[in-house]
2 protein chains.
Amino acid sequence: MKTSLVAVDFHGQGCADCAVRGFSVCASLDQFEMREFEQLSRRVSFASCETVFAQEDRSSCFYNLLDGVMRLYKLLPDGRRQIVGFVLPGDFVGMTTEERHGFSADAIGPVTVCQFAKLPFGRFADDKPNLLRRMNELAVQELNQARDHMVLLGRRSAEEKVATFLVGWRDRLVELRGPSNIVPLPMSRQDIADYLGLTIETVSRTFTKLERDGIIAILPGGVSLRDSARAEALAAA
Amino acid sequence: MKTSLVAVDFHGQGCADCAVRGFSVCASLDQFEMREFEQLSRRVSFASCETVFAQEDRSSCFYNLLDGVMRLYKLLPDGRRQIVGFVLPGDFVGMTTEERHGFSADAIGPVTVCQFAKLPFGRFADDKPNLLRRMNELAVQELNQARDHMVLLGRRSAEEKVATFLVGWRDRLVELRGPSNIVPLPMSRQDIADYLGLTIETVSRTFTKLERDGIIAILPGGVSLRDSARAEALAAA
DNA sequence: GATTCTCATTGATCTGAGTCAAAGACTGGA
DNA sequence: TCCAGTCTTTGACTCAGATCAATGAGAATC
(Lines give C-alpha, C1' and ligand atoms only; values in the text may rest on other atoms or scores of the structure.)
Protein backbone atom coordinates (compact mmCIF):
# COMPACT_ATOMS: atom_id res chain seq x y z
CA MET A 1 0.00 0.00 0.00
CA LYS A 2 1.84 3.01 -1.29
CA THR A 3 -0.79 5.70 -1.17
CA SER A 4 -1.64 7.33 2.12
CA LEU A 5 -4.22 5.32 4.01
CA VAL A 6 -6.27 8.32 4.95
CA ALA A 7 -5.95 11.29 2.66
CA VAL A 8 -5.88 14.49 4.64
CA ASP A 9 -5.43 17.91 3.09
CA PHE A 10 -3.27 20.55 4.70
CA HIS A 11 -2.22 23.10 2.16
CA GLY A 12 -1.69 25.90 4.63
CA GLN A 13 -0.10 25.66 8.01
CA GLY A 14 -3.09 26.96 9.93
CA CYS A 15 -5.47 25.19 12.28
CA ALA A 16 -8.47 26.67 10.48
CA ASP A 17 -8.05 24.33 7.53
CA CYS A 18 -6.74 21.37 9.52
CA ALA A 19 -8.45 18.14 8.52
CA VAL A 20 -8.32 16.85 12.04
CA ARG A 21 -9.59 19.96 13.76
CA GLY A 22 -13.17 18.74 14.18
CA PHE A 23 -12.49 15.65 16.25
CA SER A 24 -9.13 15.97 17.96
CA VAL A 25 -8.13 17.69 21.22
CA CYS A 26 -8.36 21.04 19.51
CA ALA A 27 -12.09 20.56 18.93
CA SER A 28 -12.55 21.92 22.46
CA LEU A 29 -11.01 25.31 21.65
CA ASP A 30 -12.85 28.41 20.50
CA GLN A 31 -11.56 30.52 17.59
CA PHE A 32 -9.78 32.86 19.92
CA GLU A 33 -7.97 30.15 21.86
CA MET A 34 -7.18 28.36 18.65
CA ARG A 35 -5.28 31.33 17.32
CA GLU A 36 -3.04 31.24 20.40
CA PHE A 37 -2.78 27.47 20.24
CA GLU A 38 -1.65 27.67 16.63
CA GLN A 39 1.48 29.50 17.73
CA LEU A 40 2.50 26.56 19.91
CA SER A 41 2.24 23.95 17.20
CA ARG A 42 4.59 22.93 14.46
CA ARG A 43 3.90 20.53 11.60
CA VAL A 44 6.51 17.84 11.13
CA SER A 45 6.66 15.01 8.62
CA PHE A 46 8.35 11.65 8.98
CA ALA A 47 9.29 9.11 6.35
CA SER A 48 8.11 5.52 6.52
CA CYS A 49 9.65 3.65 9.48
CA GLU A 50 11.17 6.77 11.00
CA THR A 51 10.92 7.05 14.76
CA VAL A 52 8.82 9.91 16.10
CA PHE A 53 9.99 9.30 19.64
CA ALA A 54 11.60 6.35 21.39
CA GLN A 55 11.11 4.60 24.71
CA GLU A 56 13.33 6.32 27.30
CA ASP A 57 13.58 9.53 25.25
CA ARG A 58 12.88 12.68 27.23
CA SER A 59 9.21 13.37 26.73
CA SER A 60 9.46 16.96 25.57
CA CYS A 61 6.56 16.98 23.10
CA PHE A 62 2.98 15.93 22.50
CA TYR A 63 1.80 14.94 19.06
CA ASN A 64 -1.44 15.11 17.21
CA LEU A 65 -1.44 12.82 14.21
CA LEU A 66 -2.58 14.61 11.05
CA ASP A 67 -1.90 12.06 8.35
CA GLY A 68 -0.64 8.50 8.11
CA VAL A 69 -0.47 5.69 10.65
CA MET A 70 1.90 5.11 13.55
CA ARG A 71 2.62 2.16 15.78
CA LEU A 72 3.24 2.49 19.52
CA TYR A 73 5.25 -0.27 21.13
CA LYS A 74 7.22 -1.34 24.15
CA LEU A 75 10.34 -3.47 24.00
CA LEU A 76 11.61 -5.90 26.60
CA PRO A 77 15.38 -5.97 27.17
CA ASP A 78 15.69 -9.20 25.15
CA GLY A 79 13.92 -7.68 22.14
CA ARG A 80 10.43 -9.06 22.56
CA ARG A 81 8.03 -6.39 21.36
CA GLN A 82 4.45 -5.60 22.30
CA ILE A 83 2.61 -3.11 20.14
CA VAL A 84 0.29 -1.22 22.49
CA GLY A 85 -1.63 0.61 19.82
CA PHE A 86 -1.94 1.89 16.29
CA VAL A 87 -2.47 5.61 15.82
CA LEU A 88 -4.76 7.18 13.24
CA PRO A 89 -5.29 10.83 12.24
CA GLY A 90 -6.89 12.82 15.04
CA ASP A 91 -5.32 10.70 17.79
CA PHE A 92 -3.35 12.49 20.43
CA VAL A 93 -0.09 10.84 21.46
CA GLY A 94 2.57 11.29 24.06
CA MET A 95 0.53 12.61 26.98
CA THR A 96 2.49 11.80 30.06
CA THR A 97 3.58 13.30 33.33
CA GLU A 98 6.70 11.16 33.35
CA GLU A 99 10.10 12.54 32.50
CA ARG A 100 10.59 9.98 29.74
CA HIS A 101 8.38 8.21 27.24
CA GLY A 102 7.32 4.75 28.28
CA PHE A 103 7.06 3.51 24.71
CA SER A 104 8.27 4.16 21.19
CA ALA A 105 6.29 5.57 18.30
CA ASP A 106 7.18 5.16 14.69
CA ALA A 107 5.73 5.83 11.31
CA ILE A 108 4.05 3.10 9.25
CA GLY A 109 4.34 4.78 5.89
CA PRO A 110 4.83 8.56 5.64
CA VAL A 111 3.34 10.54 8.49
CA THR A 112 2.61 14.14 9.38
CA VAL A 113 2.13 15.26 12.94
CA CYS A 114 1.24 18.46 14.71
CA GLN A 115 3.85 18.82 17.44
CA PHE A 116 3.64 20.76 20.72
CA ALA A 117 6.36 21.42 23.21
CA LYS A 118 5.17 20.00 26.51
CA LEU A 119 5.86 23.01 28.71
CA PRO A 120 4.14 25.77 26.72
CA PHE A 121 1.30 23.36 26.02
CA GLY A 122 0.94 22.76 29.75
CA ARG A 123 0.94 26.48 30.49
CA PHE A 124 -1.63 27.06 27.77
CA ALA A 125 -3.90 24.27 29.01
CA ASP A 126 -3.62 25.29 32.66
CA ASP A 127 -6.53 27.71 32.64
CA LYS A 128 -8.60 26.07 29.90
CA PRO A 129 -11.01 23.68 31.61
CA ASN A 130 -12.53 22.81 28.24
CA LEU A 131 -9.22 21.58 26.94
CA LEU A 132 -8.41 19.78 30.17
CA ARG A 133 -11.77 18.04 30.12
CA ARG A 134 -11.25 17.06 26.51
CA MET A 135 -7.84 15.62 27.33
CA ASN A 136 -9.40 13.72 30.17
CA GLU A 137 -12.02 12.36 27.84
CA LEU A 138 -9.33 11.17 25.42
CA ALA A 139 -7.25 9.59 28.19
CA VAL A 140 -10.27 7.76 29.57
CA GLN A 141 -11.22 6.57 26.09
CA GLU A 142 -7.74 5.22 25.57
CA LEU A 143 -7.88 3.56 28.95
CA ASN A 144 -11.07 1.79 27.93
CA GLN A 145 -9.42 0.59 24.74
CA ALA A 146 -6.42 -0.56 26.75
CA ARG A 147 -8.66 -2.62 29.03
CA ASP A 148 -10.41 -4.20 26.08
CA HIS A 149 -7.04 -5.08 24.69
CA MET A 150 -6.06 -6.72 27.98
CA VAL A 151 -9.06 -9.03 27.66
CA LEU A 152 -8.00 -9.86 24.13
CA LEU A 153 -4.40 -10.57 25.12
CA GLY A 154 -5.22 -12.52 28.25
CA ARG A 155 -8.30 -14.49 27.37
CA ARG A 156 -8.88 -14.91 23.66
CA SER A 157 -7.83 -17.54 21.11
CA ALA A 158 -5.74 -16.71 18.06
CA GLU A 159 -8.77 -16.77 15.80
CA GLU A 160 -10.75 -14.46 18.09
CA LYS A 161 -7.76 -12.14 18.35
CA VAL A 162 -7.38 -11.76 14.60
CA ALA A 163 -11.12 -11.33 14.01
CA THR A 164 -11.37 -8.77 16.82
CA PHE A 165 -8.45 -6.85 15.38
CA LEU A 166 -9.91 -6.77 11.87
CA VAL A 167 -13.35 -5.69 13.02
CA GLY A 168 -11.92 -3.07 15.37
CA TRP A 169 -9.57 -1.68 12.75
CA ARG A 170 -12.35 -1.52 10.19
CA ASP A 171 -14.56 0.35 12.67
CA ARG A 172 -11.85 2.94 13.27
CA LEU A 173 -11.40 3.46 9.55
CA VAL A 174 -15.15 3.73 9.07
CA GLU A 175 -15.14 6.59 11.59
CA LEU A 176 -12.61 8.42 9.45
CA ARG A 177 -13.58 7.52 5.92
CA GLY A 178 -17.11 6.23 5.96
CA PRO A 179 -18.48 2.71 5.68
CA SER A 180 -16.62 0.03 3.74
CA ASN A 181 -15.80 -3.61 4.27
CA ILE A 182 -12.48 -3.27 2.49
CA VAL A 183 -9.94 -3.07 5.29
CA PRO A 184 -6.51 -1.70 4.30
CA LEU A 185 -3.75 -3.04 6.51
CA PRO A 186 -0.75 -0.74 6.22
CA MET A 187 1.05 -2.58 9.02
CA SER A 188 3.04 -5.79 8.45
CA ARG A 189 2.05 -9.24 9.64
CA GLN A 190 4.80 -8.94 12.23
CA ASP A 191 3.15 -5.76 13.54
CA ILE A 192 -0.19 -7.51 13.79
CA ALA A 193 1.45 -10.43 15.58
CA ASP A 194 3.14 -8.12 18.08
CA TYR A 195 -0.14 -6.31 18.65
CA LEU A 196 -2.10 -9.51 19.29
CA GLY A 197 0.52 -11.38 21.32
CA LEU A 198 1.02 -14.01 18.63
CA THR A 199 3.77 -15.02 16.20
CA ILE A 200 3.81 -14.00 12.58
CA GLU A 201 3.23 -17.61 11.52
CA THR A 202 0.10 -17.93 13.64
CA VAL A 203 -1.26 -14.66 12.25
CA SER A 204 -0.62 -15.86 8.72
CA ARG A 205 -2.24 -19.24 9.33
CA THR A 206 -5.23 -17.58 10.97
CA PHE A 207 -5.71 -15.22 8.01
CA THR A 208 -5.63 -18.25 5.73
CA LYS A 209 -8.15 -20.07 7.89
CA LEU A 210 -10.53 -17.09 7.96
CA GLU A 211 -10.27 -16.90 4.18
CA ARG A 212 -10.92 -20.65 3.80
CA ASP A 213 -14.00 -20.22 6.00
CA GLY A 214 -15.31 -17.44 3.74
CA ILE A 215 -15.07 -14.77 6.45
CA ILE A 216 -12.46 -12.64 4.74
CA ALA A 217 -10.70 -12.34 1.40
CA ILE A 218 -7.00 -11.54 1.50
CA LEU A 219 -6.11 -8.68 -0.83
CA PRO A 220 -2.77 -7.04 -1.53
CA GLY A 221 -2.33 -4.50 1.26
CA GLY A 222 -5.39 -5.52 3.22
CA VAL A 223 -8.44 -7.74 3.48
CA SER A 224 -12.07 -7.59 2.59
CA LEU A 225 -14.57 -8.55 5.28
CA ARG A 226 -16.73 -10.96 3.29
CA ASP A 227 -18.92 -12.10 6.15
CA SER A 228 -18.67 -9.32 8.67
CA ALA A 229 -21.47 -10.81 10.78
CA ARG A 230 -19.40 -13.92 11.45
CA ALA A 231 -16.29 -11.84 12.01
CA GLU A 232 -18.19 -9.75 14.55
CA ALA A 233 -19.48 -12.89 16.24
CA LEU A 234 -15.90 -14.14 16.65
CA ALA A 235 -14.89 -10.73 17.97
CA ALA A 236 -17.73 -10.54 20.49
CA ALA A 237 -17.67 -13.94 22.12
CA MET B 1 -6.09 -13.09 55.67
CA LYS B 2 -8.81 -11.84 57.95
CA THR B 3 -7.49 -8.52 59.04
CA SER B 4 -7.65 -5.53 56.73
CA LEU B 5 -4.69 -5.44 54.40
CA VAL B 6 -4.08 -1.77 54.85
CA ALA B 7 -5.31 -0.27 58.09
CA VAL B 8 -6.76 3.16 57.51
CA ASP B 9 -8.44 5.23 60.20
CA PHE B 10 -11.58 7.17 59.53
CA HIS B 11 -13.36 7.87 62.78
CA GLY B 12 -15.15 10.96 61.58
CA GLN B 13 -16.84 11.46 58.26
CA GLY B 14 -14.79 14.47 57.20
CA CYS B 15 -12.11 14.86 54.56
CA ALA B 16 -9.82 16.58 57.05
CA ASP B 17 -9.01 13.34 58.82
CA CYS B 18 -9.21 11.13 55.74
CA ALA B 19 -6.30 8.73 55.55
CA VAL B 20 -6.18 8.94 51.81
CA ARG B 21 -6.38 12.71 51.52
CA GLY B 22 -2.67 13.26 50.95
CA PHE B 23 -2.25 11.22 47.80
CA SER B 24 -5.62 10.79 46.10
CA VAL B 25 -7.49 13.09 43.69
CA CYS B 26 -8.44 15.32 46.55
CA ALA B 27 -4.79 16.19 47.19
CA SER B 28 -5.22 18.86 44.53
CA LEU B 29 -7.89 20.77 46.45
CA ASP B 30 -7.34 23.65 48.86
CA GLN B 31 -9.11 23.78 52.23
CA PHE B 32 -11.87 25.91 50.85
CA GLU B 33 -12.61 23.68 47.88
CA MET B 34 -12.37 20.64 50.08
CA ARG B 35 -15.17 21.86 52.29
CA GLU B 36 -17.44 22.07 49.26
CA PHE B 37 -16.16 18.76 47.92
CA GLU B 38 -16.96 17.09 51.22
CA GLN B 39 -20.63 17.81 50.66
CA LEU B 40 -20.60 15.81 47.44
CA SER B 41 -19.10 12.68 48.95
CA ARG B 42 -20.61 9.85 50.89
CA ARG B 43 -18.80 7.03 52.63
CA VAL B 44 -20.09 3.58 51.83
CA SER B 45 -18.90 0.20 53.04
CA PHE B 46 -19.14 -3.13 51.28
CA ALA B 47 -18.78 -6.64 52.66
CA SER B 48 -16.30 -9.11 51.20
CA CYS B 49 -17.21 -10.12 47.64
CA GLU B 50 -19.97 -7.54 47.33
CA THR B 51 -20.17 -5.78 44.00
CA VAL B 52 -19.51 -2.04 44.05
CA PHE B 53 -20.61 -1.65 40.44
CA ALA B 54 -21.07 -4.06 37.57
CA GLN B 55 -20.22 -4.04 33.89
CA GLU B 56 -23.14 -2.47 31.98
CA ASP B 57 -24.45 -0.69 35.08
CA ARG B 58 -25.24 2.96 34.50
CA SER B 59 -22.09 4.79 35.53
CA SER B 60 -23.64 7.22 37.98
CA CYS B 61 -20.78 7.43 40.50
CA PHE B 62 -17.06 7.74 40.94
CA TYR B 63 -15.29 6.06 43.82
CA ASN B 64 -12.24 6.76 45.85
CA LEU B 65 -11.07 3.70 47.73
CA LEU B 66 -10.46 4.42 51.41
CA ASP B 67 -9.86 0.98 52.85
CA GLY B 68 -9.57 -2.58 51.61
CA VAL B 69 -8.85 -4.00 48.17
CA MET B 70 -11.05 -4.31 45.10
CA ARG B 71 -10.73 -6.18 41.83
CA LEU B 72 -11.75 -4.71 38.49
CA TYR B 73 -12.64 -7.17 35.77
CA LYS B 74 -14.28 -7.66 32.44
CA LEU B 75 -16.30 -10.73 31.50
CA LEU B 76 -16.74 -12.25 28.06
CA PRO B 77 -20.22 -13.55 27.19
CA ASP B 78 -19.06 -17.14 27.78
CA GLY B 79 -17.79 -16.36 31.27
CA ARG B 80 -14.07 -15.96 30.64
CA ARG B 81 -12.80 -13.29 32.98
CA GLN B 82 -9.92 -10.86 32.71
CA ILE B 83 -9.03 -8.88 35.81
CA VAL B 84 -7.84 -5.50 34.57
CA GLY B 85 -6.59 -4.24 37.89
CA PHE B 86 -6.49 -4.42 41.64
CA VAL B 87 -7.43 -1.30 43.56
CA LEU B 88 -5.72 -0.07 46.71
CA PRO B 89 -6.59 2.80 49.09
CA GLY B 90 -6.16 6.17 47.40
CA ASP B 91 -7.00 4.83 43.94
CA PHE B 92 -9.73 6.59 42.03
CA VAL B 93 -12.15 4.31 40.19
CA GLY B 94 -14.98 4.63 37.75
CA MET B 95 -13.87 7.66 35.75
CA THR B 96 -15.61 7.41 32.43
CA THR B 97 -17.46 9.50 29.93
CA GLU B 98 -19.49 6.50 28.82
CA GLU B 99 -23.06 5.98 29.83
CA ARG B 100 -22.28 2.58 31.33
CA HIS B 101 -19.36 1.02 33.18
CA GLY B 102 -17.11 -1.06 30.96
CA PHE B 103 -16.07 -3.35 33.80
CA SER B 104 -17.15 -4.63 37.19
CA ALA B 105 -15.65 -3.80 40.55
CA ASP B 106 -16.00 -5.90 43.64
CA ALA B 107 -14.64 -6.08 47.12
CA ILE B 108 -11.86 -8.48 48.10
CA GLY B 109 -12.49 -8.47 51.81
CA PRO B 110 -14.41 -5.61 53.45
CA VAL B 111 -14.06 -2.29 51.72
CA THR B 112 -14.88 1.36 52.35
CA VAL B 113 -15.19 3.86 49.53
CA CYS B 114 -15.79 7.56 49.22
CA GLN B 115 -18.55 7.87 46.63
CA PHE B 116 -19.41 10.83 44.38
CA ALA B 117 -22.36 11.25 42.11
CA LYS B 118 -20.99 11.80 38.64
CA LEU B 119 -23.00 14.89 37.70
CA PRO B 120 -22.36 17.11 40.74
CA PHE B 121 -18.75 15.95 40.69
CA GLY B 122 -18.49 17.02 37.06
CA ARG B 123 -20.02 20.41 37.81
CA PHE B 124 -17.68 20.86 40.75
CA ALA B 125 -14.61 19.91 38.70
CA ASP B 126 -15.58 22.02 35.71
CA ASP B 127 -13.88 25.20 36.91
CA LYS B 128 -11.09 23.61 38.97
CA PRO B 129 -8.09 23.22 36.66
CA ASN B 130 -6.09 21.81 39.57
CA LEU B 131 -8.51 18.97 40.02
CA LEU B 132 -8.81 18.39 36.28
CA ARG B 133 -5.04 18.24 35.94
CA ARG B 134 -4.83 15.85 38.85
CA MET B 135 -7.44 13.62 37.25
CA ASN B 136 -5.49 13.73 34.03
CA GLU B 137 -2.38 12.74 35.86
CA LEU B 138 -4.16 9.77 37.41
CA ALA B 139 -5.68 8.68 34.09
CA VAL B 140 -2.30 8.86 32.37
CA GLN B 141 -0.67 6.92 35.19
CA GLU B 142 -3.29 4.22 34.86
CA LEU B 143 -2.77 4.18 31.12
CA ASN B 144 0.93 3.57 31.65
CA GLN B 145 0.16 0.69 33.99
CA ALA B 146 -2.30 -0.68 31.45
CA ARG B 147 0.37 -0.63 28.75
CA ASP B 148 2.85 -2.40 31.00
CA HIS B 149 0.21 -5.01 31.65
CA MET B 150 -0.32 -5.49 27.91
CA VAL B 151 3.37 -6.35 27.56
CA LEU B 152 3.00 -8.85 30.38
CA LEU B 153 -0.11 -10.46 28.92
CA GLY B 154 1.15 -10.57 25.36
CA ARG B 155 4.83 -11.34 25.65
CA ARG B 156 5.82 -12.89 28.97
CA SER B 157 6.09 -16.49 30.20
CA ALA B 158 4.10 -17.80 33.15
CA GLU B 159 7.10 -17.53 35.46
CA GLU B 160 7.81 -13.94 34.40
CA LYS B 161 4.13 -13.07 34.81
CA VAL B 162 3.96 -14.35 38.37
CA ALA B 163 7.27 -12.75 39.38
CA THR B 164 6.27 -9.44 37.82
CA PHE B 165 2.96 -9.53 39.64
CA LEU B 166 4.56 -10.26 43.02
CA VAL B 167 7.20 -7.54 42.65
CA GLY B 168 4.66 -5.01 41.40
CA TRP B 169 2.17 -5.78 44.15
CA ARG B 170 4.89 -5.54 46.77
CA ASP B 171 5.96 -2.17 45.39
CA ARG B 172 2.42 -0.83 45.60
CA LEU B 173 2.11 -2.01 49.20
CA VAL B 174 5.47 -0.50 50.06
CA GLU B 175 4.14 2.87 48.85
CA LEU B 176 1.28 2.56 51.32
CA ARG B 177 2.83 0.82 54.27
CA GLY B 178 6.58 1.15 54.02
CA PRO B 179 9.22 -1.37 53.05
CA SER B 180 8.74 -5.08 53.64
CA ASN B 181 9.37 -8.23 51.67
CA ILE B 182 6.34 -9.94 53.17
CA VAL B 183 3.70 -9.68 50.48
CA PRO B 184 0.11 -10.25 51.65
CA LEU B 185 -2.09 -11.58 48.87
CA PRO B 186 -5.71 -10.95 49.78
CA MET B 187 -6.88 -12.12 46.35
CA SER B 188 -7.40 -15.79 45.48
CA ARG B 189 -5.24 -17.85 43.13
CA GLN B 190 -8.09 -17.67 40.65
CA ASP B 191 -7.95 -13.87 40.81
CA ILE B 192 -4.22 -13.92 40.18
CA ALA B 193 -4.72 -16.31 37.26
CA ASP B 194 -7.39 -14.08 35.73
CA TYR B 195 -5.14 -11.07 36.17
CA LEU B 196 -2.15 -12.72 34.51
CA GLY B 197 -3.97 -14.50 31.69
CA LEU B 198 -3.18 -17.94 33.13
CA THR B 199 -5.10 -20.81 34.73
CA ILE B 200 -5.24 -21.39 38.45
CA GLU B 201 -3.20 -24.57 38.06
CA THR B 202 -0.39 -22.79 36.25
CA VAL B 203 -0.31 -20.07 38.91
CA SER B 204 -0.15 -22.68 41.64
CA ARG B 205 2.61 -24.63 39.90
CA THR B 206 4.57 -21.45 39.29
CA PHE B 207 4.34 -20.43 42.95
CA THR B 208 5.63 -23.88 43.86
CA LYS B 209 8.48 -23.59 41.36
CA LEU B 210 9.48 -20.14 42.65
CA GLU B 211 9.49 -21.54 46.17
CA ARG B 212 11.58 -24.57 45.12
CA ASP B 213 14.05 -22.15 43.52
CA GLY B 214 14.35 -20.19 46.76
CA ILE B 215 12.89 -17.01 45.30
CA ILE B 216 9.78 -16.90 47.49
CA ALA B 217 8.35 -18.63 50.53
CA ILE B 218 4.64 -19.37 50.45
CA LEU B 219 2.91 -18.21 53.62
CA PRO B 220 -0.73 -18.43 54.63
CA GLY B 221 -2.37 -15.43 52.98
CA GLY B 222 0.67 -14.31 51.05
CA VAL B 223 4.30 -14.87 50.21
CA SER B 224 7.66 -13.66 51.37
CA LEU B 225 10.10 -12.46 48.74
CA ARG B 226 13.19 -14.39 49.83
CA ASP B 227 15.39 -13.40 46.93
CA SER B 228 13.85 -10.20 45.67
CA ALA B 229 16.82 -9.52 43.38
CA ARG B 230 16.10 -12.69 41.43
CA ALA B 231 12.38 -11.95 41.44
CA GLU B 232 13.09 -8.49 40.07
CA ALA B 233 15.37 -9.94 37.40
CA LEU B 234 12.55 -12.22 36.25
CA ALA B 235 10.19 -9.25 36.28
CA ALA B 236 12.52 -7.02 34.28
CA ALA B 237 13.65 -9.28 31.46
C1' DG C 1 14.31 -9.32 -17.23
C1' DA C 2 17.55 -11.26 -14.09
C1' DT C 3 18.94 -10.62 -9.19
C1' DT C 4 18.18 -9.47 -4.52
C1' DC C 5 15.49 -8.37 -0.70
C1' DT C 6 11.98 -8.51 2.20
C1' DC C 7 7.75 -10.26 3.63
C1' DA C 8 4.14 -13.83 3.75
C1' DT C 9 2.78 -18.48 3.58
C1' DT C 10 3.02 -23.34 4.51
C1' DG C 11 4.67 -27.65 6.59
C1' DA C 12 6.71 -30.52 10.31
C1' DT C 13 7.67 -30.80 14.91
C1' DC C 14 7.92 -29.32 19.70
C1' DT C 15 6.54 -27.43 24.07
C1' DG C 16 4.51 -24.38 27.61
C1' DA C 17 0.48 -23.91 29.40
C1' DG C 18 -4.28 -25.75 29.47
C1' DT C 19 -7.47 -29.52 30.74
C1' DC C 20 -9.15 -33.13 33.48
C1' DA C 21 -9.04 -35.56 37.68
C1' DA C 22 -7.83 -36.44 42.30
C1' DA C 23 -5.96 -35.49 46.73
C1' DG C 24 -4.67 -32.06 50.45
C1' DA C 25 -5.35 -28.23 53.40
C1' DC C 26 -8.03 -24.70 55.49
C1' DT C 27 -12.31 -22.48 57.26
C1' DG C 28 -16.44 -21.90 59.43
C1' DG C 29 -20.36 -23.99 61.55
C1' DA C 30 -22.91 -27.41 64.11
C1' DT D 1 -14.12 -32.24 67.31
C1' DC D 2 -16.11 -33.50 63.28
C1' DC D 3 -18.09 -32.31 58.91
C1' DA D 4 -18.99 -29.88 54.64
C1' DG D 5 -17.51 -26.64 51.73
C1' DT D 6 -14.08 -24.05 49.39
C1' DC D 7 -9.58 -23.25 47.80
C1' DT D 8 -4.98 -24.96 46.59
C1' DT D 9 -1.78 -28.22 45.07
C1' DT D 10 -0.23 -32.06 42.35
C1' DG D 11 -0.22 -35.48 38.59
C1' DA D 12 -1.18 -37.30 33.92
C1' DC D 13 -2.30 -36.11 29.55
C1' DT D 14 -3.57 -32.96 25.57
C1' DC D 15 -3.36 -29.29 22.46
C1' DA D 16 -3.03 -24.46 20.71
C1' DG D 17 0.28 -21.91 19.37
C1' DA D 18 5.49 -21.53 19.14
C1' DT D 19 9.61 -22.86 16.79
C1' DC D 20 12.35 -24.35 13.01
C1' DA D 21 12.80 -24.77 8.17
C1' DA D 22 11.58 -24.23 3.45
C1' DT D 23 9.15 -22.22 -0.22
C1' DG D 24 6.58 -18.58 -2.61
C1' DA D 25 5.46 -13.85 -4.11
C1' DG D 26 6.04 -9.21 -4.69
C1' DA D 27 8.78 -4.91 -4.93
C1' DA D 28 13.22 -2.59 -5.74
C1' DT D 29 17.81 -2.35 -8.15
C1' DC D 30 20.72 -2.93 -11.70
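Residues numbered from 1 in each chain as written. Chains lettered and ligands numbered in written order. Predicted model: local features only at pLDDT ≥ 70, side-chain atom pairs only at ≥ 80, totals over all residues. Heavy atoms only, no water.

Residues and elements named next belong to chain A. Pairing is antiparallel across the open sheet formed by three strands, whose spatial order is β7-β9-β8. Strands at the two margins of the open sheet, each flanked by one partner only, are β7 (182–184) and β8 (216–219). Shown here is a sheet whose adjacent strand axes are inclined to one another by a mean of 25 degrees, direction ignored. As paired strands, β8 and strand β9 (residues 222–225) are joined by four bridges and run antiparallel to one another. Considered in β9, the bridge of isoleucine 216 is made with leucine 225. (Pairing = 2+ DSSP bridges. Helix = DSSP H or I, 4+ residues; strand = E, 2+ residues; numbered from the N terminus. Axes fitted to C-alpha atoms, helices over the stretch in contact; angles between N-to-C directions.)

This chain's UniProt record puts "domain: HTH crp-type" (unreviewed entry) on residues 156–229 of chain A. Helix makes up 58% of residues 156–229 of chain A and strand 15%, and the two end C-alpha atoms of the span are 18 Å apart. (UniProt positions renumbered as here; feature names shortened; annotations may be inferred.)

What follows covers the interface of chain B and chain A. Where interface size is quoted, it is often the accessible area lost as the parts come together. Facing 42 residues of chain B, the contacting portion of chain A comprises 42 residues. Note on chain B versus chain A: buried area summed over both sides is about 4000 Å², and carbon and sulfur give 62% of it. Across the chain B-chain A interface, the total number found is ten salt bridges. With a closest N to O distance of 2.8 Å, A:Arg155 and B:Asp194 form a salt bridge. Where chain B packs against chain A, one counts 20 residue pairs in polar contact (both at pLDDT 80 or more). Ranked by residues supplied to the side of chain B that touches chain A, first place goes to helix α3 (residues 129–155) of chain B with 20 residues. Tallied by class, the residues present in the side of chain B that touches chain A amount to 19 nonpolar, nine polar and 14 charged. (Contact = heavy atoms within 4.5 Å. Buried area = accessible area lost by both parts, 1.4 Å probe. Salt bridge = Lys/Arg side-chain N within 4 Å of Asp/Glu carboxyl O. Polar contact = N/O pair within 3.5 Å; in protein donor to acceptor, adjacent residues only side chain to side chain. Nonpolar A, V, L, I, M, F, W, Y, C, P; charged D, E, K, R; others polar.)

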